[in-house]
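Observations on chain architecture
Here is what each chain is made of, one letter per residue.
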Amino acid sequence: MAVLGVAAIGAVSLLGGCGFEERQQAAAIVNGQVIHESDVQQTYDQLKAAKMNFPENIVVTALVAAPLLKDAVSKSGSWQPDETYASVISSIPGATDTTKQFVEAVALIQSQKMTPADVAAYRADLKKAHISVNPKYGSVVQSAEGPVYFTIGQKTPNWVKPGANPAPATAQ
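First, a word on what this report is: a plain description of the structure on this page. If you're wondering where the values come from, they're calculated on a predicted model, not measured in any experiment.

Cut-offs used in this document
- One numbering rule holds for all chains: residues counted from 1, following each sequence as written.
- Side-chain atom pairs in this predicted model are given and counted only at pLDDT of 80 or more, local residue features only at pLDDT of at least 70, and totals for whole chains, interfaces and linings cover all residues.
- Based on all heavy atoms of the structure, the side-chain values leave hydrogens and waters out of the count.
- The numbering of helices and of strands both runs from the N terminus, where a helix is a DSSP run of H or I of at least 4 residues and a strand a run of E of at least 2.
- Expected span, for any helix, means 1.5 Å times one less than how many residues it has.
- For each residue, the accessible area found with a 1.4 Å probe, counting protein chains only, is set against the maximum for its type, and the residue is called buried under 20%, exposed over 50%, and partly exposed in between.
- In what follows, a contact means two residues having at least one pair of non-hydrogen atoms within 4.5 Å.
- Helix axes are fitted to C-alpha atoms over the stretch in contact, other axes to C-alpha atoms as well, and angles between N-to-C directions run from 0 to 180 degrees.
- Throughout, the term roughly parallel applies to angles under 35 degrees, roughly antiparallel to angles over 145, roughly perpendicular to angles from 65 to 115, and oblique to all others.
- Two helices that cross are described as forming a left-handed crossing if the nearer one is turned anticlockwise from the farther one by less than a right angle, and a right-handed crossing if clockwise.
- Residues are grouped as follows: Ala, Val, Leu, Ile, Met, Phe, Trp, Tyr, Cys and Pro are nonpolar; Asp, Glu, Lys and Arg are charged; all remaining types, including Gly, are polar.
- Pairing between two strands requires that DSSP report at least two bridges joining them.

1. Structural notes on helix H6 (residues 97-111)
- Under the 1.5 Å per step criterion, the end-to-end length of H6 is 21 Å for 15 residues, consistent within 8% with the ideal 21 Å.
- Of all the positions in H6, only Thr-98, Thr-99, Phe-102, Val-103, Glu-104, Ala-105, Ala-107, Leu-108 and Ser-111 are classed as buried.
- Buried-residue contacts for H6 involve helix H3 (37-49), helix H4 (56-76) and helix H5 (83-90).
- Following H6 by one or two positions, Gln-112 has its phi on the positive side, about 55°.

Structure below.
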């Protein structure tokens, strides 16, 4: 009994050290970096207010890809935030860092300035990346198609499935 108590205390302290509560409130975690649901919601709201209607799962997809894309192009210098990025950011008063990351990822993809070496580096990093996604947004579905080579979404329309034997209607 004492051994179980010590093990339970050890597990609680380990989980507390990992930011367990923080991870439970995550939209996604990429290589240990948490993308908070509140940041996704705030980015979604800021984009919507600027008349840019992206579904939340696309916001999460871009935020998951953003650091990997940025790392890939930073090595070659093939892309820097440009006039498209600046124009969009100027249309979003008080843009959060997360919103800026989203816009940067989308502007980079739309610029089509990634070199073949950038794409290869990005795909290699993506393959090694540890990505977990809150089931609310769906799951990571790998793809052979660019520009991000994965999607986050529902495999089926409803992620909460009804019971196998629904109760029959009763006649009254």
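Next comes the rest of the description.
2. Some remarks on the packing of H4 against H6
- Axis separation between H4 and H6 bottoms out at 8 Å; the angle between their running directions is 70°. Here H4 is positioned roughly perpendicular relative to H6, judged by the angle of their axes. Crossing of H4 against H6: the hand is left-handed. Across the interface between the two elements, Ile-58, Val-59, Ala-62, Leu-63, Ala-66, Leu-69, Lys-70 and Val-73 of H4 pack against Thr-98, Gln-101, Phe-102, Glu-104, Ala-105, Leu-108 and Ile-109 of H6.
- Its residues assigned to classes, the contact of H4 with H6 shows eleven nonpolar, two polar and two charged.

3. Structural notes on the sheet that holds strand S1 (residues 26-30)
- Reading across the sheet, the three strands line up as S2-S1-S3 and stay open at both edges, with antiparallel pairing between neighbours. Since the sheet does not close on itself, it has two edges, and those belong to strand S2 (33-36) and strand S3 (131-133), each with one partner. Across the sheet, the mean angle separating the axes of adjacent strands is 15° when strand polarity is ignored.
- Examined bridge by bridge, S1 and S2 share four bridges and lie antiparallel to one another. When the bridges of S2 are listed, Ile-29 appears paired with Val-34.
- Along the sheet, H4 contacts S1, S2 and S3; its crossing angle with S1, the most-contacted strand, is approximately 25°.

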